[in-house]
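So you can see what is in the structure, the chains are spelled out below.
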Amino acid sequence: MSVSDTTALPLAEESGPAITPLRKGTDPMATAAAGPWRLVARKLVRQKLAMAAGAMIVLLYLVALFCEVIAPGLPETSRAQYTFAPPQRLGLFVNKPDGTSTFQLHVKGYRTEIDKVALRRTFVVDETRIVPVGFFVKGPAYTLWGLIPMDTHLIGPLRPSDPMYLLGTDRLGRDLFSRLIYGTRVSMSIGLIGVSLSLMLGVVLGALAGFYGGWVDMLIGRLVEVVSAMPTIPLWLGLAAAIPVTWSPLQVYFVITIIVSLLAWTSLAREVRGRFLALRNEDFVTAARLDGSRERRLIFRHILPSLTSHILAVVTLAIPTMIVAETSLSFLGIGLKPPVVSWGVLLQDAQNVRTVATAPWLLFWPAAAVVLAVLSFNFFGDGLRDAADPYHG
Amino acid sequence: MSGLPPTQSLPPDVVLSVRDLSIDFTMHDYILHAVRQVSFDLRRGETLCLVGESGSGKSVTARSLMGLVERPGRLVGGSILLREGDGAVDVATLDPKSRAIRAIRGKRIGLVFQEPMSSLSPVHTIGFQIGQAVRLHSGLSKDEARERTIELLRQVEISNPAAMVDRYAFEFSGGMRQRAMIAMALAGNPEILIADEPTTALDVTTQAEILDLVRRLQVEKGMSMLLITHDLGVVAETADTVAVMRYGKVVETGGVDAIFHAPQHPYTRQLLAATVKLERGARTVAPAGEPVLSVSNLSKVYSTEGSFFGRKPFSLKAVDDVSFDLHAGENLGIVGESGSGKTTIGKLLMRVIEPTAGSISYRGADGAMREVTTLDAGGLAAFRRDVRFVFQDPFGSLNPRMTVREIIADPLVVSGLGQDRKQVQARVAELMTMVGLDPKGMERYPHAFSGGQRQRIGIARALALDPRVIIADEATSALDVSIRSQVLDLLLELQQRLSLSFVFISHDISVIRYFCDRVAVMHRGKIVEIGPAAEICSAPREPYTQSLISAVPSPDPRHKRMLNRRRFVAPVPA
Amino acid sequence: MAGYILRRILYMIPTLFGMSLISFLIIELPPGDYLTSLLATMSDSGQTIDPAQVELLKSIYGLDQPFYVQYFKWIWGILSRGDFGYSFEWNQPVSKLIWERMGSTLLISILSLVFVWVVSFPIGLYSAVKRHSIGDHVFTLIGFLGLAIPNFILALVLMYVAFAWLGQSVGGLYSPEFADAPWSWDKFVDLLAHLWIPIIIIGSSGTAALIRILRANLTDELNKPYVLTARAKGLPEHEVVLIYPVRIALNPFVSALGWVLPHLVSGVTIVAIVLNLPTAGPLLFRALVSQDMYLAGSFILLLSALTLVGMLVSDVLLALLDPRIRLG
């Protein structure tokens, strides 16, 4: 598709291809004046699924950011009387004694039943007990981001002592919903920090290889090859198992992040290097060199701007790998350990199939959180990758 | 396809009749009417040329004749009547997956494409691909089909066909691949051959051979041919009838002589004028200034060492002992076919690649000669300010993420001249006006411009630092013919105004003849002949140059050149 | 062709060297000296170990010497005697412990690979040819889920489903009655009955990835000019698709072996831990946790070498498939 030459000789008839716009008021040639980022954004917005996934990612990070406020309780509060309490349903209307119903957000309380076969005490939701629930209620005190003391919770029972376990409880009677919300912060942040580390590692090593060339390039190339050929999970296991048990949870958190990023940088480095080398041979880069641009200007002014959208896509697609890695390690018990709460730590409770049979929610909700996060990043990253090159396809 | 309506009868000598054919491409938010009410007749044994510039819809039209319009394209109207006995079948109404249309493809109509490399499967042997077409329409056994395939390869003048039949496409040269494609198109003995830009990707001497071959086979087999091309020279050399297309419409149809000597439509006239203009030189006075660039004994050898495990050592002399001078105010052409080393010379001159041997010296504005091959970083930067480069590809050579202002101003900014934003803007506006672009477009991105306009942007960038020499590598090759002559005129005008010297590298002899004072003819890395353009293009001395010049199609059907061309048999290298 | 294979094999040597270095580095990471701490725990619990044997082990493996000496003694032992070191936890040579486990790992990996190929090929083909059809969308969705669900979570879910609904515990490769029985037809059938669950779990993400790759490649190939050439010959559509683009899209499909195999080996490791399969995974895990260095390092090295062999096979297959590589 080309716009007609303004300099062409005047001709009696048409000066361009015949075109009928499909939507009124849209000029098919309007893309002509748009900048590259606007074109990327426009292509991305067209992909509904990617946009929905993007919204979900934003939501997950908001939850991670404000987990203290969103969680109705604290992750470590255990109430032995509510061991393995099943999830409650949030109800909207309660029936008044006079038969009419009125709007009141609520959950149903619990009563105990004795399982005569297993000779065990189990909880069932008691349809007659109403626990009124409200938004922005006072609850257990916490300090937001370790700075601001607060006690307001987005949602919670109106009477703090009432049981409200939307996703059930674990074997210590801790609220799974609160723990899942707190776990979001750890799991999602590991993805983000891990990918930044990976990117730094990849870019630094890639740049070193590109800058020095020769044997440095070869050595780094070989390193990438070796690391990417090794099966990741045995390596993760080996590295994670070497963390001394005496380390503090914060130390473990950072070491796990580093381990997770140690193995993911290779694909990033390879992608960046490949695209970099391809762009280096483009005519416009040669043109810039002939215009007098030095190496640095060549890289930062001419090559990197064409790379950024691709790098963004690759990075987005690398985040889920990190999340899964952390989850796997913590699940096996050599990653993050209690009292730190992550999705993987929550899944540890689901290791025993009998526990899962008693309380399936302990497997279902953390697993769903992992899958939701991974899916969102995959969908969004795919959309970003498709939109990354606004001039093709 | 039973029952031929009596209305669908064709005049006795017409084999294919296209009536009011329309094809739409439904894009995301608009419909492109690629072909609009196109009508033409193809007569028995004749060659009909569909000629037009890029985007004229000529290729889509050709493919629709075999029901090969691909999504998002859609046939929206008209008929394609193909003779069937006394009646005709309307190809436009056939389902593109039906048996009926498959019986037409290859059997009644053969098709040859522009790019023989990508049109052949890379992982199947040539023999398999042709043999498949043979068996499909003949019912021969495998062995018989193989015999027939070898026979076909022999017919298209591939030497040693019995061995070549088992080779892969990447083992063939460009010309041989196109011969193989032709053999495949002929496998079903079709009555109609559609050739879609069959020689555009080939060198001019190979083009002449392929056109010869096609012409001979057409006469031998009594085929009708539909030739799609953008090259009026090829039209004049081959056509009986011509249909000129523009933006999806046929603007003029007629006999080849009428089209060339009594064109009716303004577009035909414009197209012809742009082509015929390049048949003579634009330069009258040959300047005789001092040499600004002097190249002596320049060589570039690419080699890899053999490795221990069966890799053979490899050495290629891309440029072999080349010497020439470029005088001030002169346009020096370097002409040659692909692989002749002409592009390598351009890169060596700019020191994008380093020469293996030889010297390049440059006379600066101060009159002192400097050796370019040993310049340090500072000296090289100064040299590259004086000597600028214009690229072939108008799409790849402009950074898609920078505005036109940023692109043109880049050399200014880098060399430290672009401190003041207002001044830069004024300079960019001045440069854009100079190359015939509207300065209002400077905040747009390159993709908003057409090929010709982009090439003008590239020229403006080259002019930004007041250069003395411009090296243009195939600078007009990617452009349509009418745009091409405009860009050449622009360069000539700029040369007068700014007293520039040009090294103009091209495979296109007419462009060289039009633009250059002197020409160096290259073949296999060596300069075989160098001299005044007018002389070399009209009376070349060397046999290679003679064969090259005589293979260029002439845009005049009354003076066909190719039929009387001289052939050059390269001496076998020792 | 022979030269090509030889080149690939020689090219593998430095990679293998790098892998061995990384493997050894990992097992050396935890602070302290295993033997000393092991002796301490053993004497705490009242066990004794023959001091002479300790000295013998020290001298064979250079346990009291610097890192690089230990490394070279280890490597030299592997190369010269097939001696992978000594497992302090099991109190026997590593080479006695690993081979059976590696065998079952290999078996499950290869079967998973076959599963991945057999399932992804027809689906990828269908999705590319019928792009944007309902079936394509369904497969794409399933594919996305397959990629998104980590292997071990899928294993947990299947275990739960089998336990809760079928009342049977999934895990292991044999039913208890066959576990120690000699090989027989019944044992083989029993093995197959247990194998399909881990294979589906391990293969799920690889299958999803390969479907996407095949779909993308085939979509590209379907738009190439040679497809039009094939149509212009008059070939029926199914032959056009099967003979040309599918044949060419097969190349990336085969070369995928190179990276699918490491992926599968990884998957086998973690799924085996969850499902308690007698493969390298659980033993490696246990060795790592108890810091049984030679056993863990040998497993990591051998699993890495396994993926390297996969890459070699994929290179060779690719050269057989693609004349441009074979002859170019």
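Residues numbered from 1 in each chain as written. Chains lettered and ligands numbered in written order. Predicted model: local features only at pLDDT ≥ 70, side-chain atom pairs only at ≥ 80, totals over all residues. Heavy atoms only, no water.

Engineer: Help me out: how do you make sense of unusual backbone geometry in this one?
Structural biologist: Residues other than glycine predominantly adopt negative phi, and peptide bonds predominantly adopt the trans conformation. Residues Pro338 of chain A and Pro339 of chain A are joined by a peptide bond in cis, for which omega reads 10°. Summarising the element assignment, Pro339 of chain A is placed in the loop between α9 (295-332) and α10 (343-348). Residue Pro72 of chain B is reached from Arg71 of chain B by a cis peptide bond, and omega for that bond is 5°. Here Pro72 of chain B shows up in the loop between α1 (58-64) and β4 (73-84). Even without being a glycine, Asn189 of chain B presents a positive backbone phi close to 50°. Mapped onto the secondary structure, Asn189 of chain B falls in the loop between α7 (174-186) and β7 (192-196). By relative accessible area, Asn189 of chain B is classed as partly exposed at 48%. Unusually for a residue other than glycine, Glu474 of chain B sits at a positive phi of about 50°. Within the element layout of this structure, Glu474 of chain B appears in the loop between β17 (469-473) and α17 (481-498). (Helix = DSSP H or I, 4+ residues; strand = E, 2+ residues; numbered from the N terminus. Buried < 20%, exposed > 50% of the residue type's maximum accessible area, 1.4 Å probe, protein only.)

Engineer: Could you clarify how one ought to interpret the sheet that holds strand β11 (residues 291-304) of chain B in this entry?
Structural biologist: Where strands meet in a sheet, backbone hydrogen bonds hold them as pairs that are either parallel or antiparallel. Residues and elements named next belong to chain B. Strand order across the open sheet formed by four strands is β12-β11-β14-β15, with antiparallel pairing between neighbours. The strands lining the two open edges of the sheet, one partner per strand, are β12 (314-327) and β15 (369-371). Going from strand to strand, the sheet's axes swing by 20° on average, the running direction of each strand aside. When strand β14 (residues 357-363) meets β15, the two strands line up antiparallel, connected through three bridges. Within the sheet, the bridge partner assigned to Tyr362 lies in β15 and is Arg370. (Pairing = 2+ DSSP bridges. Axes fitted to C-alpha atoms, helices over the stretch in contact; angles between N-to-C directions.)

Engineer: What's the story with the sheet that holds strand β18 (residues 501-506) of chain B in this structure? I'm lost.
Structural biologist: Residue and element names in this part refer to chain B. The mixed open sheet is built from six strands, whose spatial order is β16-β17-β18-β13-β19-β20. Across the chains shown, the open sheet's two edge strands, defined by having one partner strand only, are β16 (387-390) and β20 (526-532). On average, each strand axis in the sheet is tilted by 15° relative to the strand beside it, whichever way the strands run. Where strand β13 (residues 331-336) lies against strand β19 (residues 518-523), five bridges are found, and the strand directions are parallel. Bridging across to β19, Ile334 finds its partner in Ala520. Each of β16 and β17 is contacted by helix α16 (residues 451-463), which is oriented at about 170° to β16, the strand it contacts most. Strands β13 and β18 of the sheet are contacted by α17, whose axis makes an angle of about 160° with β18. (Contact = heavy atoms within 4.5 Å.)

Engineer: Before we go on, may I ask you to explain the pairing of strand β8 (residues 224-229) of chain B in this structure?
Structural biologist: Residue and element names in this part refer to chain B. Buried residues dominate β8, accounting for six of its six residues. Side chains Ser224, Leu226 and Ile228 project from β8 onto one buried face, and the interleaved Met225, Leu227 and Thr229 project onto a second face that is buried too. Two strands pair when backbone bridges link them, and strand β3 (residues 47-51) and β8 are joined in this way by five bridges, in the parallel orientation. Each residue of the ladder has a partner; that of Thr47, found in β8, is Met225.

Engineer: Quick question: what am I supposed to make of the pattern of salt bridges here?
Structural biologist: Any two side chains of opposite charge can pair, on the condition that their charged atoms come close. For the coordinates displayed, the defined rule picks out 49 salt bridges over all chains. In this structure, Arg558 of chain B engages Asp257 of chain B in a salt bridge whose closest nitrogen and oxygen atoms are separated by 2.8 Å. Within this pair, whereas Arg558 of chain B is found in the segment after α20 (543-550), its partner Asp257 of chain B is found in helix α10 (residues 256-261), the two being separated by 301 residues in sequence. Glu221 of chain C is paired through a salt bridge with Lys224 of chain C; the nearest N and O atoms lie 3.3 Å apart. Given the relative accessible area of 34%, Lys224 of chain C is considered partly exposed. Here the salt bridges share partners, and the residues they tie into one network are Glu157, Arg179, Glu209, Arg216 and Glu220 of chain B. (Salt bridge = Lys/Arg side-chain N within 4 Å of Asp/Glu carboxyl O.)

Engineer: When you look at the interface of chain C and chain B in this model, what are you seeing that I'm missing?
Structural biologist: Taken together, the contact pairs 26 residues of chain C with 31 residues of chain B. Buried surface at the junction of chain C and chain B, both sides included, amounts to about 2600 Å², of which 68% is carbon and sulfur. Ranking the residues of chain C by area buried against chain B places Arg7, Leu228 and Lys233 of chain C at the top, with a combined share of 24%. Viewed at the interface, chain B and chain C are joined by one salt bridge. One salt bridge connects Arg231 of chain C with Glu70 of chain B, and the closest N-O pair in it is separated by 3.0 Å. (Buried area = accessible area lost by both parts, 1.4 Å probe.)

Engineer: It is not clear to me how the packing of aromatic side chains should be interpreted in this structure. Could you clarify?
Structural biologist: Aromatic rings considered in pairs are described by the distance between their centres and by the relative angle of their planes. Residue and element names in this part refer to chain A. Using the criterion set out here, one finds 20 aromatic pairs over all chains in the structure. Aromatic pair Tyr61 and Phe377: ring centres 6.4 Å apart, planes at 75°, arrangement edge-to-face. Of this pair, Tyr61 sits in helix α2 (residues 48-65) while Phe377 sits in helix α12 (residues 361-388); the two residues are 316 residues apart in sequence, bridging distant segments of the chain. Tyr61 gets classed as partly exposed once you look at its relative accessible area, which sits at 21%. (Phe/Tyr/Trp six-rings, centres within 6.5 Å; stacked < 30°, edge-to-face > 60°.)

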